[in-house]
Amino acid sequence: MKLYSYFRSTAAYRVRIALNFKGLPYDYVPVNLLEGEQKSPDYLARNPQGLVPALELEGGELLSQSVAILEWLEETHPSPALLPEDPLERARIRSLVNSIACDIHPLNNVSVLNHLREQLGADARQVHNWYCTWVQRGFDAIEQTLAENGGPCCFGDQPTLADVCLVPQVFNARRFRIPMKGYRHIRRVADHCGSLRAFARAHPNAQPDA
Ligand SMILES: N[C@@H](CCC(=O)N[C@@H](CS)C(=O)NCC(=O)O)C(=O)O
């Protein structure tokens, strides 16, 4: 398989973690978002959404959208599992996944922040406040969920898709200097999971385009 990725993309980071966790080898194809390679005719011909990640399967089929890719990986390579058997637990995990992938990440994407600057005239402080607002709203709720669960990972002892999404989002929050002091449980889980081999190998600094 080939993974179209950018080292600092949190959505691509999710997929790198899952591929590593499941022991699936892949070729890393860097797409330089700062140079706009995601909007090049070549890349758009592959992935009309113009975003990373995209996963090219061995037969040439291309999958886009990180959560769809994570679900595909889980369905086709169920062991080691990133979702438990119990439907209720699965729903709780997917709820946390969606709170990151649908409610936090899209509001802070590069193209959204550029739109605020370029079309709406926001200055650096306003853009930073925007970023903090949506991360903090999401993290406040996640913090409460993790406090109730109490394990080393988001839900118990083993990493799940929730951890796969949380660790990259925490990396991004730290990069943008979001105050993390009030998020004791999020820090605990992100630091524990981040130190696991599959997660550490997926870290942005460990990528060839870093
Ligand atoms: N919902 C998509 C989001 C993908 C996404 O926003 N990727 C960002 C990097 S994290 C990107 O490619 N941005 C380039 C751009 O906005 O032009 C997913 O989960 O795959």
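Worth saying up front: this structure is predicted, and the values here are computed from it rather than measured. (Residues numbered from 1 in each chain as written. Predicted model: local features only at pLDDT ≥ 70, side-chain atom pairs only at ≥ 80, totals over all residues.)

## A look at the packing of helix α6 (residues 124-149) against helix α8 (residues 184-195)
Consideration 1: In contact at an axis separation of 8 Å, α6 and α8 are set at 75° when each is read in the N-to-C sense. In terms of their interaxial angle, α6 and α8 are classed as roughly perpendicular. For the pair α6 and α8, contact is made by F139, I142, E143, L146 and A147 and by H185, I186 and V189, respectively.
Consideration 2: When its residues are assigned to classes, the contact of α6 with α8 shows six nonpolar, one polar and one charged. (Axes fitted to C-alpha atoms, helices over the stretch in contact; angles between N-to-C directions. Helix = DSSP H or I, 4+ residues; strand = E, 2+ residues; numbered from the N terminus. Parallel < 35°, antiparallel > 145°, perpendicular 65-115°, else oblique. Contact = placed C-beta atoms within 7 Å. Nonpolar A, V, L, I, M, F, W, Y, C, P; charged D, E, K, R; others polar.)

## Regarding helix α4 (residues 87-104)
Consideration 1: A rise of 1.5 Å per residue sets the reference length of α4, with its 18 residues, at 26 Å; its end C-alpha atoms lie 24 Å apart and thus fit the reference within 8%.
Consideration 2: Of all the bends in α4, the greatest, near 30°, is centred on N98.
Consideration 3: Every buried residue belonging to α4 is among I93, L96, V97, S99, I100, A101 and I104, and all of these are buried.
Consideration 4: Considering only its buried residues, α4 is in contact with α3 (66-76), α6 and α7 (161-175). (Expected span 1.5 Å × (residues − 1). Bend = angle between axes of the 7 residues up to and from the residue. Buried ≥ 20, exposed ≤ 12 C-beta atoms within 10 Å, placed from the backbone.)

## Describing the domain arrangement of the protein
Where interface size is given, it is often the accessible area lost as the parts come together that is meant.
Consideration 1: When cut into domains, the protein gives domain 1 (2-80) and domain 2 (87-198).
Consideration 2: A C-alpha centroid distance of 20 Å is found between domain 1 and domain 2.
Consideration 3: On the side of domain 2, 14 residues touch domain 1, which itself brings 12 residues to the contact.
Consideration 4: Of all the elements in the fold, those that place two or more residues in the side of domain 1 that touches domain 2 are α1 (10-21) and α3.
Consideration 5: Of the residues forming the side of domain 1 that touches domain 2, the biggest block, eight residues, is contributed by α1. (Domains from an automatic or database assignment.)

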